[in-house]
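# Descriptive structure summary
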Amino acid sequence: MDWRTHDVSNQIPEHSNYNLLASDVALTEALDRTAAWSSEQLTAFGGRLGREETFALADAANRNPPILNAFDARGHRIDSVEFHPAWHAVLGMYREEGLVSLPFREQRPGRWPAWAAGFYMHAQIEYGTLCPATMTQASIPLLQKEPALWEALREKLFSDRYDPSDVPIAKKSSIWLGMGITEKQGGSDVRANTTVAVPVGKGGRGGEYKLRGHKWFFSAPMCDAHLVVARAVDTDSYACFYVPRFRPDGSKNAVLVQRLKDKVGNRSNSSGEVEFQDAYGLLMGEEGRGIPTIIEMATYTRLNCVLGSAALLRQALVQALSYTRQRRAFGKKLIEHGLMRAVLVDLALESEAALALGMRLAEAFEQDADDRHLAWKRIMTPAAKFWVCKRSVELTGEAMEVLGGNGYVDQGIVARLFKEAPVNSIWEGSGNVMCLDVVRALSREARLVEALISDLTEMSDGCSILTEELSHLVKLIRLNPEMLEPSARILCQQLVLIAQGCLLHRYSTPEISDAFIRTRLDDRRSGRVAGAIDVTNVDVDAVLSRALAM
Ligand SMILES: Cc1cc2nc3c(=O)[nH]c(=O)nc-3n(C[C@H](O)[C@H](O)[C@H](O)COP(=O)(O)OP(=O)(O)OC[C@H]3O[C@@H](n4cnc5c(N)ncnc54)[C@H](O)[C@@H]3O)c2cc1C
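Residues numbered from 1 in each chain as written. Predicted model: local features only at pLDDT ≥ 70, side-chain atom pairs only at ≥ 80, totals over all residues. Heavy atoms only, no water.

## Some details on the packing of aromatic side chains
- For the structure on display, the rule yields 15 aromatic pairs.
- On the numbers, 6.4 Å between centres and 75 degrees between planes, the contact of tyrosine 94 with phenylalanine 119 is edge-to-face. Of this pair, tyrosine 94 sits in helix H4 (residues 85–96) while phenylalanine 119 sits in helix H6 (residues 111–125), placing them 25 residues apart in sequence.
- According to the relative accessible area criterion, tyrosine 94 is buried, its value standing at 0%.
- Residue phenylalanine 119 is classed as buried on the basis of its relative accessible area, which comes to 0%.
- Ring geometry for tryptophan 112 against tryptophan 115: centres 5.5 Å apart, planes inclined by 80 degrees, an arrangement best described as edge-to-face. Of the two residues, tryptophan 112 and tryptophan 115 both sit in helix H6, 3 residues apart, roughly one turn of that helix.
- An aromatic cluster is present here, built from Tyr94, Phe104, Trp112, Trp115, Phe119, Tyr300 and Phe365 joined pairwise through their rings.
- Seen from the ring of phenylalanine 217, lysine 261 lies directly overhead, with NZ or CZ sitting 4.3 Å from the centre. (Phe/Tyr/Trp six-rings, centres within 6.5 Å; stacked < 30°, edge-to-face > 60°. Helix = DSSP H or I, 4+ residues; strand = E, 2+ residues; numbered from the N terminus. Buried < 20%, exposed > 50% of the residue type's maximum accessible area, 1.4 Å probe, protein only. Lys NZ or Arg CZ within 6 Å of the ring centre and 35° of its normal.)

Right, dumping it as structure tokens:
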């Protein structure tokens, strides 16, 4: 007797075996405009990333989180972090693509957008690996200011050979760096740090110190060195220290990994708690300027958060579009249902706007001698970090619902994106802290504020909604900064929406920019939840076919 109860039908596989660049019209256009020389290499990378096997590696790296081996079998302290082979495979892919140091090593114009495109694609497939990659990249501009250290590390930072060995830097072909700021009593409030640094000799810039204290979040503790904030006792001021994993004599530095965090998402990546027991460190940067020094690093990592969140949103959209183009309900495909179309259009608009903003910021990081670009970098980066990271938390959840119950099952890509998304909003300065930073920049950087306003005014040309919204925003910006603080989230929201509207108005199709500007800046009934938009006058087919070229 045949006990087969049913045939499996109308179940849609996850979208894979596709090219992340070739299928992404907006990304292709952005690259053509800014870094056409990188298209060939990045198209090949996009093809490798999109393979089913790469998705499987990402899944395995997250399903098998790192393990801390604090001691060896005989009880010696080793503080070693053991990773699944899939982690090494995926992190190695990124390194070997040359992306870790590309914007600092490459001389051709468009190096930052080219890197941003590679980062954006990798982040769609596996995000945890980009934590050490981001911190390493962001440490480069700080290290470049320390001639002796830079001389010793340059080649290994610029190397594209993946080397996971846990040995002193001199024996390695390439290295990773992390950052250590957050302590138990305060993360945002860095001046609450209690870790102290005592000079071994005369101290000062480049001098040796012993660090004593702890860090409550210390990601990628297996990195070859970390940049750590501590209070230098000789000057009674906060300073930034280069703390390698091994001392110059080859012994392990006294950075004890006490525990790895059990996180909601970001499972492939290791985030530790550490203690410094008179750890060896070298003072970096000007004495007494430790917090601005580390904040410079955070400016770079914040750009990666924006691109990373845009990427999570993009991959959620890709999976949602692929699913609804195939899954049927009530006699037709999901994508043919009017209300589902509104949801998908909303996701597609948000995704393209997030990418446009990330790519514009990447350009600004390259051109930061010019006030307009500096203004985007200084004012728009924290605003974008606030907005795009928050939008991806909500919208990866919406994409999950597009897949119905399948979306909520923890075996899938969308579930992983959903669990990954909140971390970007929290680390590297959480939402409120970003908004307060925007307010600070607006009140202190009058020249940059004017440059930004004039750039947005020029870009909004020909669009009455943008022009009108911009004039409201300018009035808000001109308020006394103390009055701005309670409404800083509104301010940042408007700043980002106007900037995104301007970018789409200039670079995207009229269907996309009109729909974005109308639903975000004009129709006040729109937008409390995804899909609550009026698509009557939107060319839905144009928006959805642009969103994922098959
Ligand atoms: C997975 C993961 C990995 C991490 N890795 C690292 C790492 O490698 N190195 C490192 O140094 N840190 C790391 N962090 C720590 C992270 O940077 C901090 O958690 C973050 O900066 C917030 O600090 P906190 O947790 O102490 O929260 P708090 O500073 O206590 O903030 C709590 C809340 O209060 C809000 N808030 C704070 N001040 C104000 C204010 N003035 N006005 C209004 N609201 C305010 C914040 O926005 C936040 O929402 C990591 C965190 C996570 C989750």
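Let us keep going from here.
## What to know about the layout of surface pockets
- Considering only enclosed or pocket space, the second largest pocket measures out at about 520 Å³ in volume.
- Lining the second largest pocket are 22 residues, and of these Gln493, Leu497, Arg520, Ser526 and Gly527 lie nearest its centre.
- Secondary structure elements with two or more residues in the lining of the second largest pocket: helix H10 (338–366), helix H11 (371–402), helix H16 (464–477), helix H18 (488–507) and helix H19 (510–522).
- Along the lines of polarity and charge, the residues of the lining of the second largest pocket split into 5 nonpolar, 6 polar and 11 charged. (1 Å grid on protein atoms, 1.4 Å probe; cavity = no way out; pocket = protein on both sides within 12 Å on 5 of 7 lines; lining within 4 Å. Points joined across faces, edges and corners; volume = space filled by probe spheres on them. Nonpolar A, V, L, I, M, F, W, Y, C, P; charged D, E, K, R; others polar.)

## Looking at the site of the ligand
- Around the ligand, the surrounding shell holds 20 residues, and the nearest of these are Ile181, Thr182, Gly187, Ser188 and Ser219.
- Backbone polar atom of glycine 187 to an oxygen atom of the ligand: 2.8 Å apart, as the coordinates give it.
- Separating a nitrogen atom of the ligand from a side-chain N or O atom of asparagine 432 is a distance of 3.0 Å.
- Isolated, the ligand exposes 970 Å² of accessible area, and the fraction of that covered by the protein chains is 66%.
- When residues of the shell around the ligand are traced back to their parent elements, those giving at least two are strand S3 (177–180), strand S5 (208–219), helix H13 (413–426) and helix H14 (431–444).
- Across the shell around the ligand, the residue classes break down as 9 nonpolar, 9 polar and 2 charged. (Near = heavy atom within 4 Å. Polar contact = N/O pair within 3.5 Å; in protein donor to acceptor, adjacent residues only side chain to side chain. Areas by Shrake-Rupley, 256 points an atom, 1.4 Å probe, with all protein chains shown as cover.)

## Observations regarding the packing of H11 against helix H15 (residues 446–459)
- Following both chains from N to C, one finds H11 and H15 inclined at 105 degrees, their axes separated by 8 Å at the closest point. The angle between H11 and H15 places the two elements in the roughly perpendicular class. Touching Asp371, Arg372, Leu374, Ala375, Trp376, Arg378, Ile379 and Met380 of H11 are Arg447, Leu448, Val449, Ala451, Leu452, Asp455, Leu456 and Met459, all from H15.
- Residue composition of the contact of H11 with H15, grouped by class: 11 nonpolar, no polar and 5 charged. (Axes fitted to C-alpha atoms, helices over the stretch in contact; angles between N-to-C directions. Parallel < 35°, antiparallel > 145°, perpendicular 65-115°, else oblique. Contact = heavy atoms within 4.5 Å.)

## Some points on unusual backbone geometry
- If you check the backbone angles, asparagine 17 has positive phi at about 55 degrees while not being a glycine.
- Along the chain, asparagine 17 falls in the segment before helix H1 (25–34).
- Residues other than glycine seldom take positive phi values, yet asparagine 266 does so here, at roughly 55 degrees.
- On the secondary structure map, asparagine 266 appears in the loop between strand S8 (255–260) and strand S9 (271–284).

## Side note on empty space enclosed by the protein
- Applying the stated criterion across every chain, the model contains 3 cavities of 30 Å³ or more.
- Together, 15 residues line the largest cavity, and Pro221, His226, Pro244, Arg245 and Val255 are the ones closest to its centre.
- For the lining of the largest cavity, the secondary structure elements donating two or more residues are strand S6 (225–232), strand S7 (237–244) and S8.
- Here the residues of the lining of the largest cavity are counted per class, giving 9 nonpolar, 2 polar and 4 charged.
- Approximately 90 Å³ is the volume found for the second largest cavity.
- If you list the elements that add at least two residues to the lining of the second largest cavity, you get H1, helix H9 (290–326), H10 and helix H20 (540–547).
- Classifying every residue of the lining of the second largest cavity gives 9 nonpolar, 1 polar and 4 charged.

## A word on the nonpolar core
- Trp115, Leu211, Phe241, Tyr242 and Trp376 are the most contacted members of the largest nonpolar core, which has 193 residues in total.
- In this structure tryptophan 115 touches Tyr94, Leu99, Leu102, Pro103, Gln137, Leu303, Asn304 and Leu307, once residues within four positions along its chain are discounted. (Core = buried A, V, L, I, M, F, W, Y, C linked by side-chain atoms within 4.5 Å.)

## Brief notes about H6
- Spanning 15 residues, H6 covers 22 Å between terminal C-alpha atoms, matching the ideal 21 Å at 1.5 Å per step.
- Across the 15 residues of H6, 15 count as buried, placing the element largely inside the fold. (Expected span 1.5 Å × (residues − 1).)

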